[in-house]
Amino acid sequence: MLRGLYTATAGMLTQQRRTEMLSNNMANANTAGYKADQSTIRAFPEMLLQRMENKTLPTGNGVNVPGMQTIGSLNTGVYLQEIKSRDIQGELKETGLVTDVALVEGNVPLNPETNVKGSLFFAVQNQAGEERYTRNGNFTLDNNGLLLSDGNPVLSKTGQPISIQSGEFNVTENGDVYVSGDPEPVAQFDVRFAADVRNLVKDGNGIYRTSDGQALPTAINNGDIQYNLKQKSLENSTVDIGRTYTDMMTAYRSFEANQKVLQAYDKSMEKAANEIGRLS
């Protein structure tokens, strides 16, 4: 009976973590460049039960042998195996704001080990001075002319924050930033390439860091990578609202089903302890 308690509890914990993931997706449905999380649920290995006094080795052919009494298999529940981002290009929407810049992927190489396409990011600097990466092109200009992404300075290809001392500027497809009246670009957006997206860890607010602490290489002048920047536009998140609502309802119902199984086991154990114990 205790095995049943563990199995139901494992199901509840799995659905709770899945609900938290889906809730985070819904909260970021309107966040520019946000990549929705997806989960993979897997069952624990099944156990083959046999009579304890059995001394005969199993034959492995599934045929009943005299002296060997196989009871059957036992499923020990499920667990959330992994959570990974849906790293695809989001749809573009025009905003008309000069500070909005969408990163549009063209040709991005596949990882030879995983056969999964890599991903491109803007490089930013967090409050601790560490390099981070984002797809959120909803930039703003502060009073000092620094271009910010959610409060983090956006980095140029020189590794320095992009400074624009004018409210009127243009961004070309290759990332050059031109201020009105100046024939020379004041900076160029640094676009970084993640060949293996498994090396990326979400750091909150649509920000990523590398799990090994190494900086991502630049995609500038990389002949195998094609991309362009589109000013006055933003990349939508990859969250499918309708599917997310449906998945959340399914997770809630699965949680409640496991909860009822757990309550049934609890009542059975209470009855066994109070009534059967009293009769003996």
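Above this text is the structure in question.
Residues numbered from 1 in each chain as written. Predicted model: local features only at pLDDT ≥ 70, side-chain atom pairs only at ≥ 80, totals over all residues. Heavy atoms only, no water.

Asks: I'm lost on the overall build of the protein chain in this one. Help?
Replies: Each helix and strand counted, the protein chain has two helices and 19 strands in total. Here the protein chain holds 280 residues, and 35% of them are scored as buried. Split by element, the accessible area of the protein chain, about 16500 Å² in all, is 49% carbon and sulfur. (Helix = DSSP H or I, 4+ residues; strand = E, 2+ residues; numbered from the N terminus. Buried < 20%, exposed > 50% of the residue type's maximum accessible area, 1.4 Å probe, protein only. Areas by Shrake-Rupley, 256 points an atom, 1.4 Å probe, with all protein chains shown as cover.)

Asks: Just to check I follow, could you spell out the environment of aspartate 176 for this structure?
Replies: Positionally, aspartate 176 belongs in strand 13 (residues 176–179). Distance in space between the C-alpha atoms of aspartate 176 and glutamine 188 is 4.3 Å, their sequence separation being twelve residues. Among residues more than four places away in sequence, those in contact with aspartate 176 are Asn170, Val171, Pro185, Ala187 and Gln188. Only 3.1 Å separates the side chain of aspartate 176 from the side chain of asparagine 174, close enough to count as a polar contact. (Contact = heavy atoms within 4.5 Å. Polar contact = N/O pair within 3.5 Å; in protein donor to acceptor, adjacent residues only side chain to side chain.)

Asks: Just to check I follow, could you spell out the sheet that holds strand 14 (residues 187–188) for this structure?
Replies: In any sheet, the strands associate via hydrogen bonds between backbone groups, in a parallel or an antiparallel arrangement. Spatial ordering of the open sheet is given by 12-13-14, a layout of three strands whose pairing is antiparallel. At either end of the open sheet lies a strand with only one pairing partner, and these are strand 12 (169–171) and strand 14. Bridge analysis of strand 12 against strand 13 gives three bridges, and the strand direction is antiparallel. Residue phenylalanine 169 lies in a different strand from strand 13, and its bridge partner there is valine 179. (Pairing = 2+ DSSP bridges.)

Asks: I would appreciate a short explanation of the layout of surface pockets in the present structure.
Replies: Rolling a probe over the atoms, with the probe sized like a water molecule, indicates the empty space that remains. Looking at the largest pocket, its volume works out to about 530 Å³. Lining the largest pocket we find 20 residues, and of these Lys84, Ser85, Asp87, Val197 and Arg198 sit closest to its centre. Only strand 1 (37–43), strand 4 (78–85) and strand 16 (200–202) provide two or more residues apiece to the lining of the largest pocket. Considering every element that reaches the lining of the largest pocket, the biggest residue donor is strand 4, with four residues. A per-class count over the lining of the largest pocket returns eight nonpolar, three polar and nine charged. Considered as a void within the structure, the second largest pocket measures approximately 280 Å³ in volume. As for the second largest pocket, its lining consists of 15 residues, of which Leu22, Asp37, Gln38, Arg243 and Asp247 are closest to the centre. Every element with two or more residues in the lining of the second largest pocket is listed here: helix 1 (2–27), strand 1 and helix 2 (241–279). Residue contributions to the lining of the second largest pocket peak at four residues, all from helix 1. (1 Å grid on protein atoms, 1.4 Å probe; cavity = no way out; pocket = protein on both sides within 12 Å on 5 of 7 lines; lining within 4 Å. Points joined across faces, edges and corners; volume = space filled by probe spheres on them. Nonpolar A, V, L, I, M, F, W, Y, C, P; charged D, E, K, R; others polar.)

Asks: Explain empty space enclosed by the protein to me, please; I cannot follow it from the model alone.
Replies: One pass over the full model with this rule turns up two cavities of 30 Å³ or more. The computed volume of the largest cavity comes to approximately 40 Å³. Taken together, the residues that form the lining of the largest cavity break down as three nonpolar, four polar and two charged. The computed volume of the second largest cavity comes to approximately 30 Å³.

Asks: Help me out: how do you make sense of the sheet that holds strand 7 (residues 119–125) in this one?
Replies: Ordered by their spatial adjacency, five strands build an open sheet running 15-7-8-17-16, and the pairing between neighbours is antiparallel. Lying at the two open borders of the sheet, with one neighbouring strand each, are strand 15 (191–194) and strand 16. Along the sheet, successive strands turn relative to each other by an average axial angle of 45 degrees, direction set aside. Pairing of strand 8 (residues 131–134) with strand 17 (residues 207–210) involves two bridges; the strand directions are antiparallel. The residue bridging tyrosine 133 from the neighbouring strand is tyrosine 208, located in strand 17. (Axes fitted to C-alpha atoms, helices over the stretch in contact; angles between N-to-C directions.)

Asks: Would you mind going over a nonpolar patch on the surface with me for this structure?
Replies: Taken together, Leu2, Tyr6 and Met269 make up a surface patch of nonpolar side chains, about 330 Å² in accessible area. Topologically, methionine 269 is positioned in helix 2. Among the residues examined, methionine 269 registers a relative accessible area of 32% and is labelled partly exposed. (Patch = residues over 30% accessible without salt bridge, like charges linked within 9 Å, V, L, I, M, F, W, Y side chains within 5 Å. Salt bridge = Lys/Arg side-chain N within 4 Å of Asp/Glu carboxyl O.)

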